[in-house]
Structures are given as structure tokens and as C-alpha cells.
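Overview (structure and organization)
Below are the chains, spelled out letter by letter.
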Amino acid sequence: MSRVYDVIHRYKACVAIMEHGVDIFVVGDPAGARLNSAVRRLDRVVAENGGDVWGGLLGAANALRWRRMTQPQPGEFHPGAAEAASSVVGKVHMLRGAVADQALLDEITAAARGVCQTDSPVGTELRRSIEEADPSICAVVASSSSARAGMREWLSPLRVPVLLPGELGEVDGRVEQLYVVGPPFFFPPSLVTAPAADELTFLMPAWFRHRAVPVSRLAGHADRAVEVKARERSIGDFSEPEPAAPGEEPTADGYLPQPVWGGRTSGDREPRPDEAEAWKVLLAGHRAIWLDDGDRIRALDPRQPEGERVTYAAVENVVPGTYLVLRDGETERGAMYEAALHCIGPQAEAVEETQHGWKAALAERLARKGTSASIAELSALGVRSAARVRAWTDPVLISPKHEEDLVLLLEWLGLGVEPSHQNAMGLRRAVYQASADLREELEDAVSRADLAALERVGHMSLEIGREGFRSMVVARVQARSPYTEIVARPHLRVPFPDRSGEWLE
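Residues numbered from 1 in each chain as written. Predicted model: local features only at pLDDT ≥ 70, side-chain atom pairs only at ≥ 80, totals over all residues. Heavy atoms only, no water.

1. A look at the sheet that holds strand 1 (residues 22-27)
Here 6 strands make up an open sheet; going across it, the order is 3-2-4-5-1-6 and the pairing parallel. Sheet topology places strand 3 (162-163) and strand 6 (230-235) at the edges, where each strand pairs with a single neighbour. Inspection of the sheet shows strand 2 (residues 138-141) paired to strand 4 (residues 177-181) by 4 bridges, in the parallel sense. Along strand 4, the bridge assignment pairs A139 with L178. (Pairing = 2+ DSSP bridges. Helix = DSSP H or I, 4+ residues; strand = E, 2+ residues; numbered from the N terminus.)

Right, dumping it as C-alpha cells:
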């Protein structure tokens, strides 16, 4: 499809949506409603008593509820639901005798088991609607990568594409009907305001009360904001348990599984030379890393064609859904440095000597002047990346990103520009070559991997033959902390066990 044709198609679809509106299929789900009622009761208990005792159970139960809402495929295509339900039952068992509200524990257990014993009516209605409309003109929109993977396997016999909102540019021109699995709140407004098909239908369980169709963020500033009509259609059994206690309906955000970050513990002090500011990044597979403010990190894009999947992501673009490629148990950067020195051969000793020389001088200057004052002086000299001055003391970080910054830095330190500058540039070229060689081996390993399984579970191992890199992992980012902590440099970008993101999508 040409870009011009795509624009025309989008305009026609927009006209159709403006004229006819969107449909919202509100599907009765008694088992899900019972779970929702139990989780709401638990949420109130945690709000009143704190999450120290109940928090683990709430996280697991909320994840099960979220999966019931956004992943309606039958149980044989949904092992994540059984895993979450099993965890709920296990955490209830741990709380037996430790809390007073045994009736709530009983209800949560029964609700979790009930959800696993019944397929979601939303899934039943989705499949029925697709078959009735003609699968060849339908596409399904999922809320997350894991939801897409499970529904894609389930719907594969119908040959119906399952996409994320950001992939709707790939919708075939023959697609006339989009089925969006989940409440409108959980999808971007562009799904409605710039539709990829003439007909748009949301499918959601009746126990989720927020049904408003999203509008453009600019609507509030418009004289005559465009409003899309929504037609609700009720389907199935709407029987729900009576609320155990009065209370307001939780906000839509309250249904989203959330990480608990706490607060920054490092205080306001400046990092020491052997430390750095870093964000905690939670990964699938019960891992995490400390991510510093380096320029980039190796990543994987499963949507790209074979041979182009292993790439780099800018650090600021590492967000939930990004797949990172990491060396298990150790940072890749150090291994690349050693590989580069090996490539340089006889000159390696001289290169290491000049690298150590200017880095030691820089560490001494920072200790004497302080980081803030040093950044100000370097910025005044025209050093573009002066804010990263402390990172340049890291032995395996070759030099500033911009060659001119290194020259200015060496002059600021009172050192001769050569041979330090030339040696650093030669070492950088060797690192690039070693990195390119590793990338080829990773691409080969990825071409033999099960990428569908990666989307389902969020992580996988890559076995390659290169010495020092035989244990590489790919893991999907689950969450990124909103603040940094001061951590020791050897801990940066090294995966470590962490279950904080256990129930995140």
C-alpha cells in the first residue's frame, strides 16, 4: 500500500467512524465479576492496613483480573492465567492464620479458581463476531505484546491478524472491521480519531465500568471538538455478586498492574568516581538492570525482517515493551573492551596507558572541583556532552561521544591531545568492529529462535559460540523507575534477580 493510498484510506475510515460511531460490546462475565469484587475488597483492605502483609496477594490477584480483561483466549492458549491463579492460591495459603479476614481469603481463592475453570465470554463473543463478519476482512487489536501473542496463536486458524495499536499502519486495505479487545480507556485516542478501518468494535467485560471512548488531547482546545458516538450492546449473563462494602468504583488506572517503586534512597549526594546515577529497569523473567545515561544499549526488534532485528536503542527510548539484549551475569561493555584490545594487538598496552592517564587526571579534577563545577566549565568551553563527564572516568567507556569533546576535555585537563586522542579513536573503531561481529552472531542465533514464544513469555536465552558471550539473554522491559539511584559502576547494565515486576504486562 502506497503512502498516498494509506492516507486516503484513513480519511475514508475517519469519515465512516464519524458518521456511524463505534460499537462497544459489553459482555457478561460472572466469573470475572466475582474476581473483580474480591480484588476490590482486597484493595480496600490494603488501603486501610498497608501492603506489607497483603501486597503480594493484591499484586497477583490484580494481574489475574487484568489478564481476564485483556486476554480472553481459552485456557489452553493462556498459560499466564493459570500461573497467576496458582500464585494467588499460593499467597492465600501463606496468609492463612496470619490475618484476621479469613472470609476474604476464601473468596479470593474461590474466585481465582473459578476464573481458571471458565473460559472468558469475551473471547467467545470475539470469535463468534469474527466468523459472522467474515475473517478475511477482520483484524484484532491487542493491548500488549503478551496479549497479542496468545490471541494470535488462538486465532491463527482463522488467519486473522492480531496487532498492537502502533502497528495499525500494517492493516491490509481489505480489512473493514477492527475488533479491539479491552476497554476503550486502555487504548490511544488515535485508534478512534485516525481509524485504520471503517468499523471499530471494542469488546470488554461488563464488570469494568469505564466505557468512555477516548478523545484527542487537543479536543479540549477546539471550538467544536469532534465527538465519536458510541453504541453499547449488552451480551450474555450480567449476574454479579453484591458489593461486600460500599465504596467508589476504582479509577481505570487502578486495574492496571503497577510496580511499587517506593522512594529514592540515595539522597542528594553526588556519586563518587566509582558510582553512577541509574534507573532501575524491571525485565520479564524476574530480572532487572541498573541503566545509566549512556548513549545506547543493545536491543532486539522482533517485528523487523531477518538480519535486521538486533540493533541499538537510545537510552531515553528504553520503555515498557522494548526488548533488551544483555550478557547474563556481566555487562557487555567490558567484554567488548577486551575484545577490542585483542583486535588492536601490539598497540594495546600503549592505548591502555593513555586511556588510564587521562581518565585518572579527570577523576582527580572531579574530586577536587566537584561534578557540577566541572560540567559548568566544560560546557562554557563548548563540550556538548559535558553532563556525562563523570561517566568518562569509567575504564571501559572509551571516550566522549563527540570527537571534538575529547579534544576539549584533554586541553581542559592540561594534557597533550596526542597520542591520547588518536589512541582513543583507534580503540573506539576496534570496539565498533567487535560489536559488529557480535551482532552478526546474535542475528544468526535470533533467526533460529522462537520469536512467538519470546512475545508470549517476554524473555529467552541466546546461545552463541563466541568466547565470553555464550550466555546472552533477551528480555522485555516491564517498567522503568521514575527516578535514579546511585549505584556502583560494576553493577550497571548487569542483569540480576528481581521479582518486583512479576505481575506486570
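Still more to cover.
2. Here's the deal with the packing of aromatic side chains
Counting across every chain of the model gives 7 aromatic pairs. Between W207 and Y255, the aromatic rings sit 6.4 Å apart at their centres with planes inclined by 35°, giving tilted as the arrangement. Placement of W207 in the loop between strand 5 (199-205) and strand 6 and of Y255 in the loop between strand 6 and strand 7 (275-283) is noted, with a sequence separation of 48 residues between them. What makes Y255 buried here is its relative accessible area of 1%. One aromatic cluster is present, built from ring pairs that chain together W66, F185, F186, W207, F208 and Y255. Here R296 stacks its cationic end above the ring of Y312, 3.7 Å away from the centre of that ring. Positioned above the aromatic ring of W279 is the side chain of R480, whose terminal nitrogen or guanidinium carbon lies 4.4 Å from the ring centre. (Phe/Tyr/Trp six-rings, centres within 6.5 Å; stacked < 30°, edge-to-face > 60°. Buried < 20%, exposed > 50% of the residue type's maximum accessible area, 1.4 Å probe, protein only. Lys NZ or Arg CZ within 6 Å of the ring centre and 35° of its normal.)

3. Brief notes about the nonpolar core
Grouped together as the largest cluster of nonpolar side chains are 30 residues, with contacts concentrated most on L168, L178, L200 and F202. For L178, the contacting residues outside a window of four places in its chain are A139, V141, L168, A196, A197, E199, L200 and T201. Membership of the second largest hydrophobic core comes to 28 residues, among which are V45, L57, L64 and W503. (Core = buried A, V, L, I, M, F, W, Y, C linked by side-chain atoms within 4.5 Å. Contact = heavy atoms within 4.5 Å.)

4. What to know about the pairing of strand 1
Of all 6 residues making up strand 1, 6 are buried, and the element is well covered by its neighbours. Residues V22, I24 and V26 point to one face of strand 1 and D23, F25 and V27 to the other, with burial holding for every one of them. Pairing geometry for strand 1 and strand 6, over 6 bridges, is parallel. Its bridge partner being in strand 6, F25 is matched across the sheet by R233. Inspection of the sheet shows strand 1 paired to strand 5 by 5 bridges, in the parallel sense.

5. A closer look at the pattern of salt bridges
All chains considered together, the criterion is met by 26 salt bridges. Across the pair R152 and E455 runs a salt bridge whose closest N-O atoms are separated by 3.4 Å. In this pair, R152 sits in helix 7 (residues 145-155) while E455 sits in helix 14 (residues 451-457), placing the two residues 303 residues apart along the sequence. Relative accessible area serves as the criterion here: at 34%, R152 is assigned to the partly exposed category. For E455, a relative accessible area of 8% corresponds to the buried category. R272 is the salt-bridge partner of D274, the closest N and O atoms lying 3.9 Å from each other. Taking relative accessible area as the criterion, D274 reaches 46% and is therefore assigned partly exposed. When salt bridges with common partners are traced through the structure, they connect R148, R152, E167 and E455 into a single cluster. (Salt bridge = Lys/Arg side-chain N within 4 Å of Asp/Glu carboxyl O.)

6. Some details on the environment of M425
One can find M425 in helix 13 (residues 420-447). Once the C-alpha coordinates of M425 and V181 are considered, the two residues, 244 residues apart in sequence, prove to be 52 Å apart. Here M425 is in contact with S399, E403 and L406, once residues within four sequence places are set aside.

7. What to know about a negative patch on the surface
The grouping of D134, E176, D198 and E199 at the surface amounts to a negative patch. By the secondary structure assignment, D198 is in the loop between helix 8 (190-193) and strand 5. (Patch = residues over 30% accessible without salt bridge, like charges linked within 9 Å, V, L, I, M, F, W, Y side chains within 5 Å. Areas by Shrake-Rupley, 256 points an atom, 1.4 Å probe, with all protein chains shown as cover. Lys, Arg positive; Asp, Glu negative; His and termini not counted. Charge placed at Lys NZ, Arg CZ, Asp CG, Glu CD.)

8. Observations regarding helix 2 (residues 30-49)
The terminal C-alpha atoms of helix 2 lie 29 Å apart, and with 20 residues this matches the ideal 28 Å at 1.5 Å per residue to within 8%. Within helix 2, the full set of buried residues consists of A31, G32, A33, L35, N36, S37, A38, V39, R40, L42, V45 and V46. Count one or two residues on from helix 2 and you reach G50, which has phi positive near 85°. (Expected span 1.5 Å × (residues − 1).)

9. A closer look at unusual backbone geometry
Peptide bonds are mostly trans, and most non-glycine residues show a negative phi. In this model, E418 is joined to P419 through a cis peptide bond whose omega is 5°. Along the chain, P419 turns up in the loop between helix 12 (403-412) and helix 13. The phi dihedral of D134 falls on the positive side, at around 100°, and the residue is not glycine. Residue class for D134 comes out partly exposed when judged on its relative accessible area of 35%.

10. Focus: the packing of helix 2 against helix 5 (residues 102-117)
Orientation of helix 2 relative to helix 5, taken along the N-to-C sense of each, is 145°, at an axis distance of 9 Å. Like other packed secondary-structure pairs, helix 2 and helix 5 cross with a definite hand, here left-handed. For the pair helix 2 and helix 5, contact is made by A31, G32, R34, L35, A38, R41, L42 and V45 and by L104, E107, I108, A110, A111, A112, G114 and V115, respectively. Broken down by class, the residue content of the contact of helix 2 with helix 5 amounts to 11 nonpolar, 2 polar and 3 charged. (Axes fitted to C-alpha atoms, helices over the stretch in contact; angles between N-to-C directions. Left-handed = near helix turned anticlockwise from the far one by under 90°. Nonpolar A, V, L, I, M, F, W, Y, C, P; charged D, E, K, R; others polar.)

11. What to know about the environment of Q71
Looking at the element boundaries, Q71 is found in the loop between helix 3 (51-70) and helix 4 (79-95). Distance from Q71 to M151, taken between C-alpha atoms, is 7.2 Å for residues 80 residues apart in sequence.

12. Focus on the confidence of the model for the chain
Per-residue confidence for the chain averages 86 on the pLDDT scale, and 91% of its residues sit at or above 70. Looking over the chain, one finds the lowest element-wise mean pLDDT in helix 1 (residues 3-20), namely 66, and the highest in helix 6 (residues 121-133), namely 96. (pLDDT = per-residue confidence, 0-100.)

13. Quick notes on the environment of P259
Looking at where P259 falls in the secondary structure, it is placed in the loop between strand 6 and strand 7. P259 gets classed as buried once you look at its relative accessible area, which sits at 19%. Sequence separation of P259 and L42 is 217 residues, and the distance between their C-alpha atoms is 17 Å. Beyond its immediate sequence surroundings of up to four residues, P259 is in contact with L282, A479 and L504.

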